[in-house]
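One-letter residues, chain by chain:
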Amino acid sequence: YKAMQALMADCVEVPTAATQIQVMPNPAHQQVRIGFEGGAQRLQVVNAMGQPILQRELSTDIQAVLLPTEAWRPGLYFVFVEKEGQRLTQKFVVMH
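Residues numbered from 1 in each chain as written. Predicted model: local features only at pLDDT ≥ 70, side-chain atom pairs only at ≥ 80, totals over all residues. Heavy atoms only, no water.

Draft legend 1. Structural context of the environment of R33. Of note, R33 is situated in strand β3 (residues 31–36). Separated by 33 residues in sequence, R33 and L66 have C-alpha atoms that sit 4.5 Å apart. In this structure, R33 is in contact with Q22, V23, M24, A64, V65 and L66, ignoring residues within four places of it in sequence. (Helix = DSSP H or I, 4+ residues; strand = E, 2+ residues; numbered from the N terminus. Contact = heavy atoms within 4.5 Å.)

This is how it looks when you write it as structure tokens:
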């Protein structure tokens, strides 16, 4: 729990209605599409315990990534996207 609090400490919560990160489908089963407006520099996915699952450097012209989730354990995940000096976050669930 403390690890997750440390990760969330410098995040900007993005409400779903005005989202700059789209996670579809949510809940995810086989794969998840993570979209972000205007490009991003870095993407990271962590589980509910704060353990990193995936980290990627992105070119700024990429506006979405498709991630296979069939090997991930069911549960809550957080995606962090760094763009223009901000760290945005969105949560999603993986179910099988």
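Draft legend 2. Looking closely at the pairing of strand β4 (residues 42–47). For β4, the tally of buried residues reaches five of six residues, placing the bulk of the element in the interior. Here five bridges tie β4 to strand β5 (residues 52–57), and the two strands are oriented antiparallel to one another. Its bridge partner being in β5, R42 is matched across the sheet by E57. Between β4 and β5, which follow one another and run antiparallel, lie four residues, and G50 among them has a positive phi close to 85 degrees. Pairing analysis gives six bridges linking β4 to strand β7 (residues 75–83), with the strands arranged antiparallel. Among the inter-strand pairings, V46 is bridged to a residue of β7, identified as F78. (Buried < 20%, exposed > 50% of the residue type's maximum accessible area, 1.4 Å probe, protein only. Pairing = 2+ DSSP bridges.)

Draft legend 3. Examining the packing of aromatic side chains more closely. For the structure shown, the criterion picks out three aromatic pairs. When the centroid spacing of 5.2 Å and the interplanar angle of 40 degrees are considered together, the rings of W72 and Y77 count as tilted. For W72, a relative accessible area of 14% gives the class buried. Within the aromatic cluster, the residues linked to one another by ring pairs are W72, Y77 and F92. If you follow R87 out to its NZ or CZ, it ends over the ring of F80, 4.3 Å from the centre. (Phe/Tyr/Trp six-rings, centres within 6.5 Å; stacked < 30°, edge-to-face > 60°. Lys NZ or Arg CZ within 6 Å of the ring centre and 35° of its normal.)

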